[in-house]
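Listed below are the residues making up each chain.
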Amino acid sequence: MDHLHFAVTWGQDTAHDLVVQALMTLFNTLGATPGSIDRIAICGNPIQLSLFQGIPIDDLAYAGDKKKEKYHIADQDRSAAVRDAGEIAGMGAFEGCELRVPPAVKHEVGADALALLVKSGMLDSPEISIATDYGTNAEMALKVDDIIYTGSAAAGPALEGQEVACGTLAKPRVVSDIDFEDGAFRSTVLSDDMDECTGALFNPINGEIYEEGTIAATGITGTGVIALIKEGMETELVKLPHIKTRHKALLLHDDLYFDEHDLVEAGRAIGAIRAGHVTLCDAAGIDVKDIETAYMSGAAGTYMDAAKAHMVGLVPYAVRDVYQIGNTSLALARDVLLSEDRLWELEDVARSVRGSHVMFATSPAFKKAYINELSYWEEGMPFERMQTMLKRRGLPMVAAPTTDPKVHRIVVKDIPDLGTEGLRVLERTGTLLTMKIEECTLCGLCEEVCTHDAIELHEDGTVVIRSDLCDGSHCQKCIHACHEELLCWECLEVVER
Amino acid sequence: MALKKIKERSMALDIDPDDILVRYNVRLEKEITPEEAAEELYPDDPHLKPIAQAVFVGDEEGVVAGLEKAISGGMDPLKLIDDALIGGMNVVSKLYDEAVIYLPDVMLSSDAMQKGIEYCKSKATSDMKPKGTVICHVAEGDVHDIGKTIVVALLRANGYNVVDLGRDCPVEEVVEHVEKERPLMLTGTALMTTTMYAFKHINDKLKEKNLALPFVCGGGAVNQDFVSKLEFGVYGEEAPQAPRMAASILSGANVGKLREEFHKH
Amino acid sequence: MVKRFTTMAYDDPDEMTFGVAKEPVKAGLGLTIGDGFTTPEINYAPRPETASSKEKLVKEYKSITTDIMDRMVAVGFPGVVLETEHVQEMTNNPEWGAAVAHAQKEIMERYHDEYGINCALRHTPGDIREDRDYLRLREDKYDTLLKSFELLAENGVDMLSVESMGGKEVFDHAILRDDVPGVLFSIGCLGAMDMEYIWKDIVKIAKDHNVVPAGDTDCAQANTAMFVAGGLLDKNLAHTLAIIARTISASRTLVAWECGATGPNKDCGYEGTILKSIGGRPIAQEGKTSTCAHSDVMGNLVMQCCDLWSNESVEYHGEFGGTSVQAWGETLAYDCTLMNVALKTGTEKTLRDLFMLSDKYRDPQGYVLAYPNAWKVGKAIVEDGDDLYLRAKNAALETCNILEEGVNEGLKLTRFETKALRDAKIALEGLPDDQDTFVSESLDKYKKEVRVFEPKRNYDL
Ligand code: B12
Ligand code: SF4
Ligand code: SF4
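Being a predicted model, the structure only gives us computed values, none of them experimental. (Residues numbered from 1 in each chain as written. Chains lettered and ligands numbered in written order. Predicted model: local features only at pLDDT ≥ 70, side-chain atom pairs only at ≥ 80, totals over all residues. Heavy atoms only, no water.)

Below, the discussion takes up unusual backbone geometry. Of the consecutive residues Leu240 of chain A and Pro241 of chain A, the connecting peptide bond is found in the cis state with omega at 0°. Of note, Pro241 of chain A is situated in the loop between β11 (238-239) and β12 (242-243). Looking along the chain, the bond that leaves Gly263 of chain C and enters Pro264 of chain C is cis, with omega of -5°. Positionally, Pro264 of chain C belongs in the loop between α8 (239-258) and α9 (272-279). In this structure, Asn210 of chain C is a non-glycine residue whose phi angle is positive, near 60°. Considering the arrangement of structural elements, one finds Asn210 of chain C in the loop between α6 (180-209) and β9 (212-215). Given the relative accessible area of 72%, Asn210 of chain C is considered exposed. (Helix = DSSP H or I, 4+ residues; strand = E, 2+ residues; numbered from the N terminus. Buried < 20%, exposed > 50% of the residue type's maximum accessible area, 1.4 Å probe, protein only.)

Residues and elements named next belong to chain A. Bridge analysis of strand β8 (residues 184-190) against strand β9 (residues 196-202) gives 5 bridges, and the strand direction is antiparallel. Directly across from Leu190, in β9, lies its bridge partner Glu196. From the end of β8 to the start of β9, which pair antiparallel, there are 5 residues, and Met194 there has a positive phi angle of about 65°. Across 2 bridges, the pairing between β9 and strand β10 (residues 209-211) is antiparallel. The residue bridging Leu201 from the neighbouring strand is Glu211, located in β10. In this antiparallel pair of consecutive strands, β9 and β10, the connection spans 6 residues, and Gly207 shows a positive phi of 75°. (Pairing = 2+ DSSP bridges.)

Here the focus is the packing of helix α1 (residues 54-75) of chain C against helix α3 (residues 94-115) of chain C. Residue and element names in this part refer to chain C. Packing of α1 against α3 brings their axes to within 9 Å, and their N-to-C directions diverge by 25°. In terms of orientation, α1 and α3 fall into the roughly parallel class. Regarding α1 and α3, the two cross each other, and that crossing is right-handed. Taking contact as the criterion, the partners of Lys54, Leu57, Val58, Tyr61, Lys62, Thr65, Thr66, Met69, Asp70 and Val73 in α1 are, on α3, Glu95, Trp96, Ala99, Val100, Ala103, Gln104, Ile107, Met108, Tyr111 and Tyr115. Classifying every residue of the contact of α1 with α3 by side-chain character gives 13 nonpolar, 3 polar and 4 charged. (Axes fitted to C-alpha atoms, helices over the stretch in contact; angles between N-to-C directions. Parallel < 35°, antiparallel > 145°, perpendicular 65-115°, else oblique. Left-handed = near helix turned anticlockwise from the far one by under 90°. Contact = heavy atoms within 4.5 Å. Nonpolar A, V, L, I, M, F, W, Y, C, P; charged D, E, K, R; others polar.)

Bringing the site of ligand 1 into the picture now. Close contacts around ligand 1 come from 41 residues, with His144, Asp145, Thr189, Thr193 and Gly220 of chain B the closest. More than a single chain frames ligand 1: its nearby residues are located in chains A and B. Backbone polar atom of Ala154 of chain A to a nitrogen atom of ligand 1: 3.3 Å apart, as the coordinates give it. Taking Ala155 of chain A, its main chain carries an N or O atom lying 3.2 Å from a nitrogen atom of ligand 1. At the level of secondary structure, the elements contributing two or more residues to the shell around ligand 1 comprise α8 (260-284) and α13 (364-379) of chain A together with α8 (146-157), β3 (185-189) and β4 (215-218) of chain B. In terms of residue class, the shell around ligand 1 is made up of 21 nonpolar, 14 polar and 6 charged. (Near = heavy atom within 4 Å. Polar contact = N/O pair within 3.5 Å; in protein donor to acceptor, adjacent residues only side chain to side chain.)

Before going further, it helps to examine the packing of α1 of chain C against helix α10 (residues 324-345) of chain C. Residues and elements named next belong to chain C. Two elements in contact, α1 and α10, have axes separated by 9 Å at closest approach and are oriented at 40°. Classed by the angle they form, the pair α1 and α10 counts as oblique. As for the relative orientation of α1 and α10, their crossing is right-handed in sense. Counting all contacts with α1, which are made through Ile64, Asp67, Ile68, Asp70, Arg71, Met72 and Val75, the residues of α10 involved are Val325, Gln326, Gly329, Glu330, Ala333 and Tyr334. Counted by class, the contact of α1 with α10 contains 7 nonpolar, 2 polar and 4 charged residues.

As a further point, take the sheet that holds strand β6 (residues 147-152) of chain A. Residues and elements named next belong to chain A. Pairing is mixed in the open sheet, where 6 strands are placed in the order β6-β5-β4-β15-β16-β17. Each of the sheet's edge strands pairs with one partner strand only, and the pair in question is β6 and β17 (406-409). For this sheet the average axis-to-axis angle between neighbouring strands, irrespective of direction, equals 15°. Looking at chain direction, strand β16 (residues 321-326) and β17 are connected through 4 bridges and run parallel. The residue bridging Asp321 from the neighbouring strand is Lys406, located in β17. Docked against the sheet, helix α6 (residues 111-120) engages β4 (129-133), β5 (139-144), β6, β15 (293-297) and β16, running at close to 40° with respect to β5.

Together, Tyr24 and Leu28 of chain B together with Leu233 of chain C give the surface a local cluster of nonpolar side chains, amounting to about 330 Å² of exposed area. When you line up the elements, Tyr24 of chain B lands in helix α2 (residues 24-31). (Patch = residues over 30% accessible without salt bridge, like charges linked within 9 Å, V, L, I, M, F, W, Y side chains within 5 Å. Areas by Shrake-Rupley, 256 points an atom, 1.4 Å probe, with all protein chains shown as cover. Salt bridge = Lys/Arg side-chain N within 4 Å of Asp/Glu carboxyl O.)

Note that all results are geometric; they support no functional claim without further evidence.
Here's what the structure looks like:
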């Protein structure tokens, strides 16, 4: 469930408690007691960092200046800081433990974006280069000469697998890649250790399995989605905006599928990123083809097959080199943890970048470029027509990729070094939302429609939703399913723990 | 090639028909460019045609130049709005509906037409009587205005006078404008789940002031259930519904009728 | 007496082939139709000047019959069906038709005795039930028509058919206006009601005389739509609408079988494959071999499941290779030979698919009539088999779905066709859920709009 929405609907305090509790669970799992921890460093987007620290997020939740003025919503200070962790509500026991917080560039471009800039190494290279975090906020930075242009295309969670029916974040036992092989599609599935394993060989038209995979899969990651689109387009099964099979969907193994609605969602995200690239180039006065190097980060940016991402338009078309640099946020947190100087260096970088930050929200270039993308992905406007439109609008040109860039996979995994004990994912970091439905007929429809197994119906007509599994306000399938209109989003209450 | 291979693996017997037959009707149609398709639809009048043409290709200067010439030739600026500008835009709407042209084309043309309308108004001696007025806005606190921009363009393309209040528009400002303009309908767009509640406030204020009118709410964040709970609320799922809703209102539909016609479940 | 179809004869479309029906029909002299082989059905028209007297007509038909039988024997074909579609005079004067039948049958018997060639004679009286602009479906002319059937059955005809035209007055109005609900009303309701009226009587006559009550065709309406739609470049009527009229007509033409007719239906009913999927009875079809009479856009495809293979109609005259009936008859018979070889060698499914694929993507009409899709339409019909309105509406909506899916599978539609399809679907989806409402609404509408529509007189509505 989207944390911003959760915090606004059920209170920032509740959200804060959840974050802190998750951290406590992490410490407990690692066997670390409050007294034994000297220093904590964090990294993430401004919402995440604010929720943890208890900084009000109204200025993030409401984007328009007019509304902020009306309700006297002040922009919060999100510069680099060193604090006492004991000040954080619910963490009194950590008094004396140092908390290092990296700065945000502008309110929607946070420390995670900074991590991208710094950890990619692009600051030290003379080339025209672009770094993109392929996540929900799609932060991006373009470096031309010594100026860095930043922006955030808010691509949405599709590239992280959400909003897509069978989509999921990268985790064990999910499809992370697809290749065309011998007249069929071959999937790659992540193992329990997040290694890439050979998945099933199948026919996407009818879902027929020619060869079983080594591991069964429970979902498709954003990178899998990109690969599906790329292979779909190349085999002409995907002809925007349609999927040209009987079921209007690509059928995979283990009941997984990718349909036209998913295609629209993915298109909106891919389109937002390409439009963002165009907008930054426009601001810098260069053409998209002038970009020589691209850095890809974020979980999606790590596992994505860079060549495929390049083919669908997620990477500027004429780049020579692509570097996949992994989860830079984690790396940056580690840097900051080890060196306070590093933290203040970051503050300097953030300040220098602020001047050339491009607000996509007010940028006519972004709006025009994105409407082009919407038409390309959702209406099937031919690519050539999109180029004509860019030209008529005086925007930097995009083109279909002609040569393959050299791909440098700096890291193979999201978290490159898992240590000797391997990776374990904390389960149940969320909370429960519940309501008692007086006139419930116990028809069970609400439970039936939920594709995330997030909702449970009890015999007395109480429903319980797990916030960590639920897709939240974007989904609401259960709410719509209830024929009596008894289920109601706003009536749900957070269960005290 | 690859598609063929996949098909071969899957179906009993099927073919790629392109090698054995030609759908000449489809082929002929493909070869028509949007410009050619439009050519058949322009008004015949030699003064009107170039203006309509300029609207179609989105050439703002061409529109104004054409209008200038027509007006100096003695034509009535207000009549030019209907015959040349909206006439040209009708061509755009028709070809958009038929998927000959695409959204970006409509946006360009809509801008060009708007320039033309402003020019004509500045030259006119009397007031113009539009088909109807619609007020559009993006919820307060929300900067996502692309959906709204499309709605505005499509409404204009269909001859409605649109008062565009832009993004992040405070509740009070929306209500004030409704009071002043008494439009056919009000539209609101919200893409953030945090901002959509503004619609509820607007609805309440409209009720308070006895300003009953259809309030069409759309945008990625809202859904039909949310909108149905508002007394004046009608859910708009896709931008092209906006002009259709306005047309229904012109032919007498109220909120209930609109819901019947446009709501899904 | 009327037994509606509520289940499919074939559970799987792949079971259906040419030459084999679930319920073969024995007819005439040694012939069984749909029992493992296909048979040519030759159609002809006398030269116009011969219609002036009974004697001239009888003479003309004798020549025609002799020519055909001669050629069949000369080239060595095992069986043949002759179909005589009446010129008006032969039905208006029932004894003329009877005399022709008698003369034809005598000749056929001679060939059967002499050479052992299996053969049967089908007669199709003209639907004469009209008076200038007005249909007169249930009055004097109806009695004349029944009289004609009666005399034909007494005079050697083996199979009785008709091309009934109930609903045509409303259909002609609706089809010119792209009015799909009107098409549904005229074919699906009015046409079906009239068929029920007339086929109960035909079946009774056939039974009394121990001849075959074969079947009908929606020539009057669905074929009109097909001809108005024309070739690929014609734009008078979208081909997507023509095929909707066609699939609705399947629900209508089926009524003959429901009244006790046993097949084979009439050759020009392109809805035949759908009928066969539901009823399992043999069908006559025509396609590339009826180019002498009209052009269509699925000349091979319609062979996919035929039991009789026909040429629709050719005027009797000389050709370089003999007379026209000999030329076309021979062509039909060679086609049948090919199909029969396929049946014998177990390759009939391949040949069937070749026929089907050669036209499946040529036109939306062929696409829907391709047997796997035709079967789906059949299934939609039997889903509400007991309700004439609902099943016709099901057929129409299923057609829309098949076409919409088809676009994803290689069928190409023009914008004109796509738009007509979209509008049709919207109109269909807006229709009421029950027959009474639909019929009463339609009655109100068409009583006002169609001057010649007289529901009480013609349909007792
Ligand atoms: C493009 C985009 C942006 C652009 C907006 C540019 C602009 N000028 O509008 C930019 C990059 C600026 C942006 C910024 C932000 N965004 Co943003 N953005 C998107 C994105 C990618 C697409 C939205 C869009 O334009 N869709 C296309 C339009 C056409 O759709 P639409 O408006 O819904 O309209 C359609 C229908 O709804 C309907 N319709 C709409 N109105 C009406 C009216 C009527 C009458 C009718 C009939 C129909 C109708 O018609 C249209 C189709 O035909 C989405 C994610 C996604 N994949 O959807 C996120 C998204 C909306 N953004 C989001 C967020 C959070 C933000 C930020 C606040 C991010 C941040 N971390 O700070 C910032 C804003 C901060 C700021 N001050 O700028 C979130 C909202 C989440 C939530 N819980 O609500 C989303 C969903 C992404 C996500 N999940 O994180 N964003
Ligand atoms: S169906 Fe309901 S519980 Fe399940 S994910 Fe969607 S909103 Fe959450
Ligand atoms: S859908 Fe509604 S009525 Fe049915 S079980 Fe769920 S809450 Fe109860």
